[in-house]
Protein chains: 2
Amino acid sequence: MRFPTEPGLFGSGGSTGRPGSVFGGQANRSEHTLYDCEVDGDIPDDLDGAFYRVGPDPQYPKPKGLEHDIAFDGEGHASMFRIQNSHVDYLSRWVKNERWQRQHKARKSLYGVYRNPYTDDPSVRGKFRGTQNTQVWYHNGRILAMKEDTLPAALDPHTLETLDGNYKFDGKLKSQTFTAHPKNDSQTGNLLAFGYEATGLGTTDISVFEIDKKGKTIWQAMVKAPYCSEIHDYAITEKHIIFLVYPLAYLGEELMKKGGVHWGWDSTRDTYLGVMRRGGDGKDIQWLKGPQTMCTHTMGCWTDGDMVYVDMDGGDANQFPFFPSPNPNDRFDPVKATGRVRRFSMDASKKTVRPFDMKVMYGQYSGGLARQDDRYHTVPYRYGFMIGGGPGGGGWLRFDHQTGKVNTFNPGPDSSLSEMCFVPRRKGAPEGDGYLVGICSRAKENGRSDLLIVDAQHMEDGAVATIKLPYRAAPQVHGFWVPGDQLPPVKA
Amino acid sequence: MRFPTEPGLFGSGGSTGRPGSVFGGQANRSEHTLYDCEVDGDIPDDLDGAFYRVGPDPQYPKPKGLEHDIAFDGEGHASMFRIQNSHVDYLSRWVKNERWQRQHKARKSLYGVYRNPYTDDPSVRGKFRGTQNTQVWYHNGRILAMKEDTLPAALDPHTLETLDGNYKFDGKLKSQTFTAHPKNDSQTGNLLAFGYEATGLGTTDISVFEIDKKGKTIWQAMVKAPYCSEIHDYAITEKHIIFLVYPLAYLGEELMKKGGVHWGWDSTRDTYLGVMRRGGDGKDIQWLKGPQTMCTHTMGCWTDGDMVYVDMDGGDANQFPFFPSPNPNDRFDPVKATGRVRRFSMDASKKTVRPFDMKVMYGQYSGGLARQDDRYHTVPYRYGFMIGGGPGGGGWLRFDHQTGKVNTFNPGPDSSLSEMCFVPRRKGAPEGDGYLVGICSRAKENGRSDLLIVDAQHMEDGAVATIKLPYRAAPQVHGFWVPGDQLPPVKA
């Protein structure tokens, strides 16, 4: 069993290759249990909760002819740092869904390339092929591991063992898919989510729904997108739901049957913002055209009267060079791909149908993986976070929309950061008063990882605590913090 | 929670420090599960079995005043490479005995220094304090994790979960201790073992016994040593049992009560070989004096008429600088400490009571951790193995006692080897026809480990297969190979 060594191939270099980012396709593969991590500095006494992460991790190398598969197709590998009484336990476990189980038994890859079922081994044709490798979320006593092309997996929040590899909530959802970027309603704590390609491969149906804290589907609607595109994240305000449709488009079944890639950047297509009321039947959705962009993550959003505002990070064109273009003129352009904070605004009143507006903010700062203080989803907010760089150097950035000031946490030389998560200092702490937690990898120590805790109000002072792993942490696209008092009791 | 950084202290540098040997006291601490390791080269198709390992791993740093504790006091951490159908799974688990459980719950070290119960925290005084960190063995469906100062722990051979942290076999053993170097009888497969300090701390009682394949104690005898010393290994021939007593001696209860170290090198004491018949009451034991030496591991041994031969590796004096000496003249001498293959011979007939003879063999080669083809325990043998160096460079050495030839496997630059294990090429393969399996750590990759499979008959050709871990393997003193057909079925 070996992975290819040629760069750019699926799992290239395997788990023992040179340290690289998840986007480099590096494998990790090993499950870990580390009781009581070693710590430099001081973990705040009253910090109690768990930082969950998930990322794609190649379970097996792809067979000959499919080695070009992209890193996004790695099987889900979840991990957790449980912090309590200034002690930290670290755990990582595969998302053991049907795909993982089948491959584990066969001791080889059976599923073909990223989101193309036509490339699967005949033995698994039509079987569940999800990877649930993009984001984790806490809901109703379970950790949900999610990827936008299937329903989530449900994991035990203490052991990360897979409870259900294809979790259907109350069985009432009409969607076959579930975004990796659900939201919690700031007021009710309900789970707000959607699925695109909701009724099958390449379909333009978007299912949007609300699930209460006990897992009951309390609202759902089905709307039509202008065309089938990657809708990675979305936005929910107190009144509205907003989808961004950009020209990373599904290129058709014919191409898929030839073994092609699910997405291609087709700049001949328009960029849209779809806005609809929450709680309705979806018939009110308006698709407003606007300037071309590709934005993958929502920083924050709110409704002010009829006006709806959404902040996202993104570029002027395709940000993923590994998705080819059907048009010769659409070559990947790293300058256009550069991610910046963009504020979208639109009039949801239907009084005047006009294009949405897009304004680049903090033009000197670039990056991605925007986050906020999650308690301020759906409502006006002050602080946004991103990983990137600017005049203050590279690292985690905090944007203060009130003052326009940007603060930077820089991890030092030969160190690279993953996406951070904001953790309130205590229950009821004001917005932005708390910590940033996230992984830092050390290139000169074979990619060894530390979990850093940084005071979000004193980012330039460096980490208040460094939680040390003896190896590379499991891979991560996104991470999620759950306060300790929300977790169920540990079973004896 | 942090480990000291000053070299020489218990767990110095923790698990994230610079790569070092187990004797450097480095911690590892994390449990791992890695399905289907990546492999360079080709694992022989018919190689089927499991390579088990164990070593000391500091569960927690010692409290102030006890940080001088030695690496040998690290808690047992067991690991396994399961090789079958050219696939390899890697697993590591703590030996979760009472000591581990108590410290795990307290989230700190409760037990004091190496084999000195007077240094324990009052909350655990008189409680089981074993670490079972030295060697693993397969017996009666269980993996035994062993250290010479307590009974073994019994682990599940497939999961390494601790089944019994203080395993008493059939409850009939009179010994409170159990060597880390039992033997299997070449003919019967029975387990042959002994315990020194068998009736309590500092006692000179040696219990020696035989346990059948079903765990039944079928013979035991109690003998007296000339004084209480470290008897790390021993020798069993078809007829005789042989103990080497060297001047690494117990220095008395008074010193222990002051927090002292269990052993000290006292060259005023004599060196003895004790020889006794198997199966008797032990009253026939003869203690023959001979030249001073310290030998920790048996390579091979046999009886020829009245003559008994034992090959061990060892030096002319103390090999463990961390055990101090009560005499000012006994300073640690690295030249005298150098390990070489030594052949002891003695006349067991009692016709003429004369000193034992000790002959250094292969004088140009030095090293330690002697092994052999385990099927030839108790009987005349041809091939011995050791880790060390000589004219052919450093690495794993094979000594051919028939031709006097020495072969060397050298792992290349920036690489350090652990003890290897000999694996027969197939059931019934001639002596020495098979593989050497063992761990190699790569200094320039943060100590990342590979399991190497080397053809024992073509050692200079390099490894036939390199099984790659993405991190440092769990620590090891010794390792043990179990053929697949001896393992119990995996529970569904």
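Thresholds, definitions, all that
Residues numbered from 1 in each chain as written. Chains lettered and ligands numbered in written order. Predicted model: local features only at pLDDT ≥ 70, side-chain atom pairs only at ≥ 80, totals over all residues. Heavy atoms only, no water. Pairing = 2+ DSSP bridges. Helix = DSSP H or I, 4+ residues; strand = E, 2+ residues; numbered from the N terminus. Buried < 20%, exposed > 50% of the residue type's maximum accessible area, 1.4 Å probe, protein only. Contact = heavy atoms within 4.5 Å. Least-squares fit on C-alpha atoms with pLDDT ≥ 70 in both. Disulfide = S-S within 2.5 Å. pLDDT = per-residue confidence, 0-100.

*Asks:* Mind showing me how you'd approach the sheet that holds strand β12 (residues 205-211) of chain B here?
*Replies:* Strand pairing in a sheet takes place through backbone hydrogen bonds and is either antiparallel or parallel in direction. Residues and elements named next belong to chain B. The strand order across the open sheet formed by four strands is β10-β11-β12-β13, and the pairing between neighbours is antiparallel. With partners counted over all chains shown, the strands left at the sheet margins are β10 (183-184) and β13 (217-224), one partner each. Sheet analysis places strand β11 (residues 191-196) next to β12, joined by six bridges and oriented antiparallel. Bridge assignment links Leu191 to a residue of β12, and that residue is Ile211.

*Asks:* When you look at the pairing of strand β22 (residues 340-347) of chain A in this model, what are you seeing that I'm missing?
*Replies:* When a strand is regular, its side chains alternate between the sheet's two faces. Residue and element names in this part refer to chain A. Counting buried residues along β22, seven of its eight residues qualify, which places the element largely inside the surrounding structure. Bridge count between β22 and strand β23 (residues 357-361): five bridges; the pairing is antiparallel. Residue pairing for β23: Arg342 is matched across the bridge by Val360.

*Asks:* What should I look at first to understand the environment of Phe178 of chain B in this one?
*Replies:* Residue and element names in this part refer to chain B. Structurally, the position occupied by Phe178 is in the loop between β9 (162-164) and β10. For Phe178, a relative accessible area of 0% gives the class buried. Considered as a pair, Phe178 and Thr150 are 28 residues apart in the sequence and their alpha carbons are 5.9 Å apart.

*Asks:* Looking at this structure, how should I read the environment of Asp185 of chain B?
*Replies:* Residues and elements named next belong to chain B. Of note, Asp185 is situated in the loop between β10 and β11. With relative accessibility at 9%, the residue Asp185 sits in the buried group. Taking the C-alpha atoms as reference points, Asp185 and Ile43, 142 residues apart in sequence, are found 29 Å from one another. Every residue in contact with Asp185, bar those within four places of it in the chain, is listed here: Asn190, Leu192, Arg278 and Thr378.

*Asks:* Any chance you could explain the relation of the copies chain B and chain A here in plain terms?
*Replies:* In this structure, two copies of a chain are linked by a rotation about an axis accompanied by a shift along it. Least-squares fitting of chain B to chain A yields an RMSD of 0.0 Å, with the transformation described by 0.0 Å of translation along the axis and a rotation of 180 degrees. Here the two chains are linked by the operation of a two-fold rotation axis. Residues of chain B ranked by C-alpha distance from the rotation axis are headed by His32 of chain B, positioned 2.3 Å from it. Of the interface residues in chain B, 100% have counterparts in chain A that sit at the interface too, so the contact is made through matching surfaces.

*Asks:* I would appreciate a short explanation of the state of the cysteines in the present structure.
*Replies:* Linking two cysteines covalently through their sulfur atoms gives a disulfide. A complete count under the given rule lists zero disulfides over all chains for this structure. Cys295 of chain A supplies the cysteine sulfur nearest to Cys228 of chain A, a cysteine that is in no disulfide, at a spacing of 19 Å. Free of any disulfide, Cys37 of chain B has its nearest cysteine sulfur in Cys440 of chain B, 15 Å distant. The exposure class of Cys37 of chain B is buried, given its relative accessible area of 0%.

*Asks:* Would you take a moment to explain the confidence of the model for chain A for this structure?
*Replies:* The predicted coordinates of low-pLDDT regions are not to be read in fine detail. Overall, the predicted model of chain A reaches an average pLDDT of 95, with 98% of residues at or above 70. ipTM for the predicted complex: 0.94, alongside a pTM of 0.96.

*Asks:* Sorry if this is basic, but what is going on with the sheet that holds strand β15 (residues 240-245) of chain B here?
*Replies:* Residues and elements named next belong to chain B. Strand order across the open sheet formed by four strands is β14-β15-β18-β19, with antiparallel pairing between neighbours. Strands with a single pairing partner mark the edges of an open sheet, and in this sheet they are β14 (235-236) and β19 (286-290). Inspection of the sheet shows strand β18 (residues 271-277) paired to β19 by five bridges, in the antiparallel sense. Bridging from a neighbouring strand, Tyr272 pairs with Lys289 of β19.

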